[in-house]
Amino acid sequence: MTTYTVLIILSALVIFSYLFDLVASKTKLPSVLLLLTLGIGLRILVDKLQIHTYNFLQILPTLGTVGLILIVFEGSLELKYAKDKNKVIKGAFLSAFLILIATVAVITFIIYQITGQELYLCFVNAIPFSVISSAIAIPSVANINKKSKEFIIYESSFSDILGIILLNFAVANRHITVGSFGELAVNTILILLLSVVACITLLYLMGRLRHHIKFFLIISILIMVYAIGQSFHLSALVLILSFGLFLNNADTIKHAWFRSVFIYKNLSNDLTQLHQLSAETAFIIRTFFFVIFGFTMNIYQLNDFTLIANGLIILGSIYVVRFAYLFFFKREHVLPEGFVTPRGLISILLYYNLPQHMKLTEIGTAFLFMVVLGSSIVMSIGLMASRKKGNLEEVTEVH
């Protein structure tokens, strides 16, 4: 395969992804679903032509991590804080936390019934299936009403953060003691302090940098700090969410000293450019991640009826827990939010970050792929149905 052939393929993937985004904006069909299908199609073609390819599994976790950072950052840059949004933020956090705990409990029981393994291993393997993927949820709700969109951005970002915290905690503490929770509290305080320092430092840098290369430097520093935090088992996604929120709301801080030091003339223009850059970079990373994930899947494993049946049971349990919680506690967010609980990039990353000796063979990548694919299909059907219902109600009101 020549250099030019590789460039043609890479360019074509980006063009297809752009077209998929246009289709998604019109139909509510998640572009991720189309990217996965494209990856599967390419794998079938490569197998038929017997073309030797690179082992893409080696770069998948790195691509996914960068994509997750940029997507959460992009989403947080769209959020404007106000006191009247405290209720939305609190509701989104409680929703993410309680649904995560309930879903993990239910899926742990299901995996225990499937495998018969010890409950601890079932619990650890259940976590990746229980986290909402902000990488899929945030782009998928770009065109729904503002109230629902804000709720999904906060909820899915909180779900990612809490999922990472829970997995780190579970892997590090096979036997939970009082000291385990003390360590968790210390780690939480550390990441909050790191977030405050990073937010202030990066905003100061943005105002002082005069070089024409500016925003990629800021993003690179952000990624580096995230990686350092994660390497010490700190849930550094808090930092990404905090920085985006801080940047987009820094101009509302009225303290005279703060404004004189940190608020500068071109902040608004810089934020617009940073948001645009992070959005376009996230688009590229997301494109390659999901195409590669689809490409690396052995779809022939999906011929296993038992695997499909078990996958459908887990998929069903995810929606039962979510709709039950929203119906009883968040009535204003039942539809279309109930359908927006996709599994995707974060689930894949958490699964790959599981120590090899903790992975259950019955719950492998094919199983994960089915839940990721199935949740995207259900979400797309739900969003399209909700859109049609909304259009019908508008027409009825007009007449």
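These numbers come from a predicted model, not from an experiment. (Residues numbered from 1 in each chain as written. Predicted model: local features only at pLDDT ≥ 70, side-chain atom pairs only at ≥ 80, totals over all residues. Heavy atoms only, no water.)

Scanning the protein chain from terminus to terminus reveals 15 helices and zero strands. Each principal axis of the C-alpha atoms in the protein chain carries an extent, and together these give about 65 × 60 × 60 Å. Looking at the 399 residues of the protein chain, the share that counts as buried comes to 50%. For the protein chain, contacts bridging at least 24 residues in sequence account for 81% of all contacts bridging at least 6. Accessible surface, the protein chain as shown: approximately 19500 Å² in total, 68% of it carbon and sulfur. Each charge class in the protein chain was averaged separately, 28 positive and 20 negative side chains, and the resulting centres sit 6 Å apart. (Helix = DSSP H or I, 4+ residues; strand = E, 2+ residues; numbered from the N terminus. Buried < 20%, exposed > 50% of the residue type's maximum accessible area, 1.4 Å probe, protein only. Contact = heavy atoms within 4.5 Å. Areas by Shrake-Rupley, 256 points an atom, 1.4 Å probe, with all protein chains shown as cover. Lys, Arg positive; Asp, Glu negative; His and termini not counted. Charge placed at Lys NZ, Arg CZ, Asp CG, Glu CD.)

Right, let's talk about the pattern of salt bridges for a bit. For the structure on display, the rule yields seven salt bridges. Between Glu150 and Lys85 there is a salt bridge, with the nearest N and O atoms lying 2.7 Å from each other. Taken together, the positions of Glu150 in helix H7 (residues 146-172) and Lys85 in the loop between helix H3 (60-76) and helix H4 (86-115) put the pair 65 residues apart, joining distant regions of the chain. Judged by relative accessible area, which is 11%, Glu150 ranks as buried. For Lys85, a relative accessible area of 13% puts it in the buried group. In this structure, Arg322 engages Glu155 in a salt bridge whose closest nitrogen and oxygen atoms are separated by 2.8 Å. Of this pair, Arg322 sits in helix H13 (residues 305-329) while Glu155 sits in helix H7, placing them 167 residues apart in sequence. (Salt bridge = Lys/Arg side-chain N within 4 Å of Asp/Glu carboxyl O.)

Attention shifts here to the environment of Arg343. Within the secondary structure, Arg343 is located in the loop between H13 and helix H14 (345-353). Separated by 208 residues in the primary sequence, Arg343 and Ala135 place their C-alpha atoms 9.1 Å from one another. There is a polar contact of 3.2 Å between the side chain of Arg343 and the backbone oxygen of Ser130. (Polar contact = N/O pair within 3.5 Å; in protein donor to acceptor, adjacent residues only side chain to side chain.)

Quick look at the packing of aromatic side chains now. Overall, the coordinates contain 17 aromatic pairs when judged by the stated rule. The interplanar angle of 50° and the centroid separation of 5.9 Å between the aromatic rings of Phe293 and Phe369 together place this pair among those described as tilted. In this pair, Phe293 sits in helix H12 (residues 267-296) while Phe369 sits in helix H15 (residues 365-398), placing the two residues 76 residues apart along the sequence. Of the two residues examined, Phe293 and Phe369, each falls in the buried class. Pairwise contacts between aromatic rings join Tyr204, Phe246, Trp257, Phe258 and Phe262 into one cluster. Lying across the ring of Phe327, Arg331 places its NZ or CZ 4.0 Å from the centre. Between Lys359 and the ring centre of Tyr351, over which it is positioned, the NZ or CZ distance is 4.7 Å. (Phe/Tyr/Trp six-rings, centres within 6.5 Å; stacked < 30°, edge-to-face > 60°. Lys NZ or Arg CZ within 6 Å of the ring centre and 35° of its normal.)

Take the nonpolar core next. Judged by nonpolar contacts, the single largest core of 125 residues is most densely connected at Ile240 and Leu247. What Leu247 contacts, discounting residues up to four positions off in sequence, is Phe73, Leu77, Leu203, Met206, Leu271 and Leu274. (Core = buried A, V, L, I, M, F, W, Y, C linked by side-chain atoms within 4.5 Å.)

Turning our eyes to something else, we now look at helix H8 (residues 178-208). For H8, with 31 residues, the first-to-last C-alpha span of 46 Å sits near the 45 Å given by 1.5 Å per residue. Buried within H8 we find Ser180, Asn187, Ile191, Ser195, Ala198, Cys199, Leu202, Leu203, Met206 and Gly207. Next to the buried residues of H8 lie H7, helix H9 (215-231), helix H10 (237-249), helix H11 (256-262) and H12. (Expected span 1.5 Å × (residues − 1).)

Right, let's get into helix H2 (residues 31-49). Each turn of an α-helix holds 3.6 residues, which means side chains three or four residues apart point in the same direction. Look at H2: 27 Å from first C-alpha to last across 19 residues, which is about the 27 Å you get at 1.5 Å a residue. Listed as buried for H2 are Ser31, Val32, Leu33, Leu34, Leu35, Leu36, Leu38, Gly39, Ile40 and Val46. Where H2 terminates, the next one or two residues include Gln50, which has phi positive at roughly 55°.

Limitation: the analysis is restricted to geometry and does not speak to function.
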